[in-house]
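Reading the structure
Each chain, written out:
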Amino acid sequence: MFKYASLTRKGMALIAQATNLKQFVFTKMEYGNGVPQGFSASKTNEEIKAILCEMTSLVSKKADIGMYSVSVKNNCATLTGKIINSSLTEDFLAKELGVFGKIGEE
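The rules behind these values
Each chain carries its own residue numbering, running from 1 in the direction its sequence is written. For a predicted model such as this one, the threshold for reporting local features is a pLDDT of at least 70, and the threshold for listing and counting side-chain atom pairs is 80 or more; totals across whole chains, interfaces and linings nevertheless cover every residue. Excluded from the side-chain calculations are hydrogens and water; all other atoms, namely the structure's heavy atoms, are used. Helical segments are the DSSP runs of H or I of at least four residues, strand segments are the runs of E of at least two, and each set is numbered from the N terminus. Each residue's exposure class comes from its accessible area (1.4 Å probe, protein chains only) as a fraction of the maximum for that residue type: buried when under 20%, exposed when over 50%, partly exposed otherwise. Accessible surface area values rest on a Shrake-Rupley calculation with a 1.4 Å probe, where residue burial reflects the displayed protein chains alone. This count recognises Lys and Arg as positive and Asp and Glu as negative, with His and chain-terminal groups excluded. Taken as the charge centre is NZ of Lys, CZ of Arg, CG of Asp or CD of Glu, depending on the residue. Paired strands, in this sense, are two strands between which DSSP finds at least two bridges. For helices, the axis comes from a line fit to the C-alpha atoms of the stretch in contact; other axes are also lines fit to C-alpha atoms, and the angle between any two N-to-C directions lies between 0 and 180 degrees. What counts as a salt bridge is simple: a side-chain nitrogen of Lys or Arg found within 4 Å of a carboxyl oxygen of Asp or Glu.

1. Observations concerning the overall build of the protein chain
Along its length, the protein chain carries two helices and four strands. From first element to last, N terminus to C terminus, the protein chain shows the α and β order α-β-α-β-β-β. Reported as C-alpha extents along the three principal axes, the dimensions of the protein chain are approximately 40 × 35 × 25 Å. Considering the protein chain as a whole, with its 106 residues, one finds that 20% of them fall into the buried category. Here the protein chain displays about 7,900 Å² of accessible surface, and carbon together with sulfur accounts for 52% of that area. Charged side chains of the protein chain number 13 positive and 10 negative; the gap between the two group centres comes to 4 Å.

In C-alpha cells, the structure reads:
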C-alpha cells in the first residue's frame, strides 16, 4: 500500500536510544493524503528515501488510527490499530501513514 515506506532520521535516533535500555513507547498513528515537498515519480528511490528521512509529521493529516495493541516478537514490533474516520467530511486517497513514538518525555 505504501510503496515508499521509510524510517525517519528522528525515528532511527529513537530506536538507537532504545537499544541502550531506554523504554521506547509508540504514541500514535495517523494517516493522510499529502505529498512531501520535492517528491516526484521521476526521483530515484534513494532521493525519495532522503526526502522521507527528514520528515517529522505528515504533510496532510486526515485522521487518526486508534492504536489497540503493540506486540514484539523476534525484535519486530507489530502494531494493531483501527482507522477512525468519524471526523472526515470528504473522500481522499490515503498516501501517507505516520507511526510516532517517544522515549521519556521526548
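2. Considering the sheet that holds strand E4 (residues 96-103)
Within a sheet, neighbouring strands are paired by backbone hydrogen bonds and run either parallel or antiparallel to one another. Taken together, four strands build an open sheet; the order of strands is E3-E2-E1-E4 and the sheet is antiparallel. Unpaired on one side and paired on the other, strand E3 (76-83) and E4 mark the two borders of the sheet. Put simply, the sheet's adjacent strands are angled 30° from each other on average, direction ignored. In this structure, strand E1 (residues 24-32) lies alongside E4, joined through eight bridges in antiparallel fashion. Following the sheet pairing, glutamate 30 is matched in E4 by glycine 98.

3. Structural notes on the pattern of salt bridges
Going through the model one piece at a time under the given rule, you end up with five salt bridges. Of the charged contacts, one joins lysine 62 and glutamate 90 as a salt bridge, the two residues approaching to 3.8 Å between their closest N and O atoms. With a gap of 28 residues between them, lysine 62 in strand E2 (residues 61-73) and glutamate 90 in the loop between E3 and E4 connect regions that are remote in the sequence. One connected set of salt bridges, linked through shared partners, spans Lys28, Glu30, Lys61 and Asp64.

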